[in-house]
Amino acid sequence: MVDYHAHTNLCGHATGSVSEYIESALSKGIREIGFSDHAPLPESIRGGYTMPADEVDTYIKTVEEQRDRCAHRIAVRVGFEVDYPLRGSFASGYLTDSRIDYLIGSCHFIDGWPFDHPEFIDGYRVREIDDIHARYFSILGSLAESGLFNVVGHFDIVKKFGFRASRDFLPAIEGIARSMAANGVAAEVNTAGLLHPAGEMYPSDSILRVFFNCNVPVTLGSDAHSADQIGYQFPLALEKITGAGYRKISGFLKRKRYDIAV
Ligand SMILES: [Zn+2]
Ligand SMILES: [Zn+2]
């Protein structure tokens, strides 16, 4: 079992230190834990969402220290969750930094609107829901094609607050899946959706089947914002993953994906 999506107290909106997360992972039988704190956003909108740009190196060093300290007990990976489109606040050198094991590319903003943030939920009432979905998936399409990331984060998080599209987006999603497979980009099965009005994981069962049929690799993440959330609902997630047909999930080391049997 692996958990490749965890946020620490460095980002300002999560609690728990790197070592507390590791202890939690060990207590749940997790063999690999990947830290994916949010890469810095521009200073004007960063507050409470991400670490400041000058803490990136401290974060990497902290995870590395704990990785080395715990090497005999658990595999620890250094990662980031990076906003796409890129905003220039995460120095471009980090995108190819050899200390980093993996990058999750995630879309949290549609044309400047933080659509997954509860304080900005009113944005769903002043826009067409189908238009929101169309714009969101078009951003994911370019994220997948960018070649910058190992993983697409919380693939259909646009459903988070339960505003469902009336149009069928599966044909568009299939196009993104083909591009992910061609570019070697994995999807994560992210269990945090179960905690929100969407009431299901990201992605949905039908999208997971599309991923399997298109040969998109998958990994597993809780999107934990506190140490106790590590491994949240993973038995159910593994059931979904194997139910879709997968026999392997992905781990990442030095920006390279590898398979782990499930
Ligand atoms: Zn995210
Ligand atoms: Zn996250």
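Everything here concerns the structure above.
The present account deals with the structure reproduced in this document.

About the thresholds
Residues numbered from 1 in each chain as written. Chains lettered and ligands numbered in written order. Predicted model: local features only at pLDDT ≥ 70, side-chain atom pairs only at ≥ 80, totals over all residues. Heavy atoms only, no water. 1 Å grid on protein atoms, 1.4 Å probe; cavity = no way out; pocket = protein on both sides within 12 Å on 5 of 7 lines; lining within 4 Å. Points joined across faces, edges and corners; volume = space filled by probe spheres on them. Donors = N, O, S within 2.8 Å, 3.2 Å for Na, K, Ca; no water. Helix = DSSP H or I, 4+ residues; strand = E, 2+ residues; numbered from the N terminus. Buried < 20%, exposed > 50% of the residue type's maximum accessible area, 1.4 Å probe, protein only. Salt bridge = Lys/Arg side-chain N within 4 Å of Asp/Glu carboxyl O. Axes fitted to C-alpha atoms, helices over the stretch in contact; angles between N-to-C directions. Parallel < 35°, antiparallel > 145°, perpendicular 65-115°, else oblique. Left-handed = near helix turned anticlockwise from the far one by under 90°. Contact = heavy atoms within 4.5 Å. Nonpolar A, V, L, I, M, F, W, Y, C, P; charged D, E, K, R; others polar.

Remarks on the layout of surface pockets
Of the voids in this model, the largest pocket is the one considered here, and its volume is about 490 Å³. Lining the largest pocket are 25 residues, with H13, H38, D116, K160 and H225 positioned closest to its centre. Put simply, the second largest pocket is a space of about 270 Å³. If you trace the second largest pocket, you find 16 residues lining it, with H133, D156, R164, I173 and I207 closest to the centre.

Quick word on the coordination of the zinc ion (ligand 1)
The protein atoms donating to the zinc ion (ligand 1) are E81 (OE), H108 (NE2) and H154 (NE2), with metal-donor distances spanning 2.0 to 2.2 Å. In this structure, the zinc ion (ligand 1) is positioned 3.3 Å from the zinc ion (ligand 2), and both are ligated by E81. Of the two residues, E81 is situated in strand β3 (residues 75–83) and H154 in the loop between β5 (151–152) and α5 (170–183); the sequence distance between them amounts to 73 residues. Like E81, the residue H154 is buried in the burial classification.

Quick look at the pattern of salt bridges
Applying the stated rule across the entire model yields 14 salt bridges. Residue D68 is joined to R67 by a salt bridge in which the shortest nitrogen-to-oxygen separation is 3.0 Å. Classification of R67 by relative accessible area gives partly exposed; the value is 21%. Linking D205 and K240 is a salt bridge whose minimum nitrogen-to-oxygen distance equals 3.2 Å. With D205 in helix α6 (residues 205–213) and K240 in helix α7 (residues 234–243), this residue pair connects regions lying 35 residues apart in the sequence. A single network of salt bridges, built from pairs that share partners, joins D156, K159, R164 and E200.

Some points on the packing of α5 against α6
Relative orientation of the contacting elements α5 and α6 amounts to 40 degrees, with a least axis distance of 9 Å. Taken together, α5 and α6 sit at an angle that is classed as oblique. Remark: the crossing between α5 and α6 carries right-handed chirality. For the pair formed by α5 and α6, the contact residues are L170, I173, E174, A177 and M180 on the first element and S206, I207, V210 and F211 on the second. Across the contact of α5 with α6, the residue classes break down as seven nonpolar, one polar and one charged.

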